[in-house]
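# Overview (structure and organization)
Listed below, chain by chain, are the residues.
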Amino acid sequence: MTGTRIAALGHYQPAKVLTNGDLAALVDTSDEWISSRVGIRTRHVAGPDEPVDELAAHAAGKALAAAGLGPADIDLVLVATSTAIDRSPNTAARVAARLGMGSPATMDLNVVCAGFTHALATADHAIRAGGARRALVIGADKMTEVADWTDRTTCVLVGDGAGAAVVEAVEEGDEPCIGPVLWGSVPEMGNAVRIEGTPPRFAQEGQSVYRWATQRLPALARQVCERSGLAPEELAGVVLHQANLRIIEPLAAKIGAVNAVVARDVVDSGNTSAASIPLALAKLVERGELPSGAPTLLFGFGGNLSYAGQVVRVP
């Protein structure tokens, strides 16, 4: 195979919206405190009867419809998630069952906030190697289920949602639309972002993550551009993991992406972990803010502490 492309995108968020004012009634916080520190104003919250695989299936169904495909057209399902409570069947298998698929390979990837970009690279590699024809790549997380609602430093950050992409081989002779991945981790900082315990709870060392992201990420993001053969000023879009507006906005400027539309979905959705990049990207495309073929940097970072990024051409 000569390469792959994203054929279509889809996204889904639960109907319930939690505002900063709502949170101020639960913990000692305020709209001003949250907005000034992380830029978040609202987030969507799934109910107890909305598991992660349901969020994922909604987004996947929209991506399939946008691509003009049916469940039988997919032979690989990858779900990036770190909040699925049940271990087996995995989330990807449950999504396949919800959508009535035939016999696809189904795998979950737990790379937390960098999960979607890891899964996208994995689908790209599988199709290039001939292991799959067409893949459904999903980022889905229900972060509110693992939140500590007594901790005002973390519960104000999280939201729920899912985003999905249909990935397929490009036509012979066409340029690939998913660029080479740059991925890695910082093992000594693995405990900086955690979802652990019984029941599992999200916790982080916010200042450590903030310092690492602001100091290390610009150089890594520029390396992604170099691997794609593009200069940062040629980027039409920048979609970073939607963790904190104070990280996102300065980072785009430090990269040199002076002409790019920068995703700021964190303001409306909060930190949705593996869902944040496909969710933000799908919204930009749906609103027409990124035209078809626009070169866009995707870069996930966070839990483990892992990172992965690539430049893609949007569908």
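Below: a short report on this structure. (Residues numbered from 1 in each chain as written. Predicted model: local features only at pLDDT ≥ 70, side-chain atom pairs only at ≥ 80, totals over all residues. Heavy atoms only, no water.)

### Notes on the overall build of the protein chain
A tally of helices and strands in the protein chain yields 9 helices and 14 strands. Over its C-alpha atoms the protein chain spans a radius of gyration of 18 Å, differing by no more than 12% from the 20 Å that the globule rule assigns to 315 residues. In terms of its C-alpha atoms, the protein chain occupies a principal-axis envelope of roughly 60 × 45 × 40 Å. Put simply, the protein chain has 315 residues, and 57% of those count as buried. In the protein chain, the proportion of contacts linking residues at least 24 apart, taken out of those at least 6 apart, comes to 76%. Total accessible area computed for the protein chain in this model is approximately 12,400 Å², and 48% of it derives from carbon and sulfur atoms. Measuring between centres, the 26 positive side-chain charges of the protein chain sit 4 Å from its 34 negative side-chain charges. (Helix = DSSP H or I, 4+ residues; strand = E, 2+ residues; numbered from the N terminus. Rg over C-alpha atoms; globule rule 2.2 N^0.38 Å. Buried < 20%, exposed > 50% of the residue type's maximum accessible area, 1.4 Å probe, protein only. Contact = heavy atoms within 4.5 Å. Areas by Shrake-Rupley, 256 points an atom, 1.4 Å probe, with all protein chains shown as cover. Lys, Arg positive; Asp, Glu negative; His and termini not counted. Charge placed at Lys NZ, Arg CZ, Asp CG, Glu CD.)

### Quick word on helix α3 (residues 52-67)
With 16 residues, α3 extends 23 Å between its outermost C-alpha atoms, agreeing within 8% with the 22 Å of an ideal straight helix rising 1.5 Å per residue. Of the residues making up α3, those classed as buried are V52, D53, E54, L55, A56, A57, A59, A60, A63 and L64. Residues of α3 that are buried make contact with β1 (4-12), α4 (91-99), β6 (134-142) and β7 (160-169). Of the residues trailing α3, G68 is marked for its positive phi of about 70°. (Expected span 1.5 Å × (residues − 1).)

### Considering the sheet that holds strand β12 (residues 261-262)
With respect to topology, 5 strands assemble into an open sheet ordered β8-β14-β13-β11-β12, the strand pairing being mixed. Taken across any chain shown, the strands that pair with only one partner, and hence form the sheet edges, are β8 (182-185) and β12. Bridge analysis of strand β11 (residues 237-240) against β12 gives 2 bridges, and the strand direction is parallel. Across the sheet, the residue bridging to V238 is V262, located in β12. Together, β8, β13 (295-301) and β14 (306-313) form the strand contacts of helix α6 (residues 206-228), whose direction differs from that of β13 by roughly 140°. (Pairing = 2+ DSSP bridges. Axes fitted to C-alpha atoms, helices over the stretch in contact; angles between N-to-C directions.)

### A short note on the sheet that holds β1
Spatial ordering of the open sheet is given by β1-β7-β6-β4-β5, a layout of 5 strands whose pairing is mixed. The strands lining the two open edges of the sheet, one partner per strand, are β1 and β5 (105-109). Each strand axis lies, on average, 20° off the axis of its neighbour in the sheet, ignoring direction. Pairing geometry for β1 and β7, over 8 bridges, is antiparallel.

### Some details on unusual backbone geometry
S88 connects to P89 through a cis peptide bond whose omega is 0°. Within the secondary structure layout, P89 lies in the loop between β4 (76-80) and α4. The step from T198 to P199 runs through a cis peptide bond, and the omega angle for that step is 0°. With respect to the helices and strands, P199 occurs in the loop between β9 (193-196) and β10 (201-204). Of note in the backbone geometry, V112 takes a positive phi value of approximately 50° without being a glycine. Mapped onto the secondary structure, V112 falls in the loop between β5 and α5 (115-128). A residue is classified by how much of its surface remains accessible, and V112, at 11% relative accessible area, is buried. Look at S273: it is not a glycine, yet its phi comes out positive at around 55°.

### Observations regarding the pattern of salt bridges
Should the charged atoms of two oppositely charged side chains come close, the side chains can pair. With the rule as written, the count across this model stands at 14 salt bridges. Of the charged contacts in the structure, one is a salt bridge between E196 and R194, with a shortest N-O distance of 3.2 Å. We classify E196 as partly exposed; its relative accessible area is 48%. One continuous salt-bridge network, built from bridges that share partners, spans R5, R134 and E168. (Salt bridge = Lys/Arg side-chain N within 4 Å of Asp/Glu carboxyl O.)

### Structural notes on the side chain of R43
Take R43: it is sitting in strand β3 (residues 42-44). As a buried residue without a salt bridge, R43 has its nearest oppositely charged side chain in D22, at a separation of 7.0 Å. In this structure the side chain of R43 is engaged in a polar contact, spanning 2.7 Å, whose partner is the backbone oxygen of V156. (Polar contact = N/O pair within 3.5 Å; in protein donor to acceptor, adjacent residues only side chain to side chain.)

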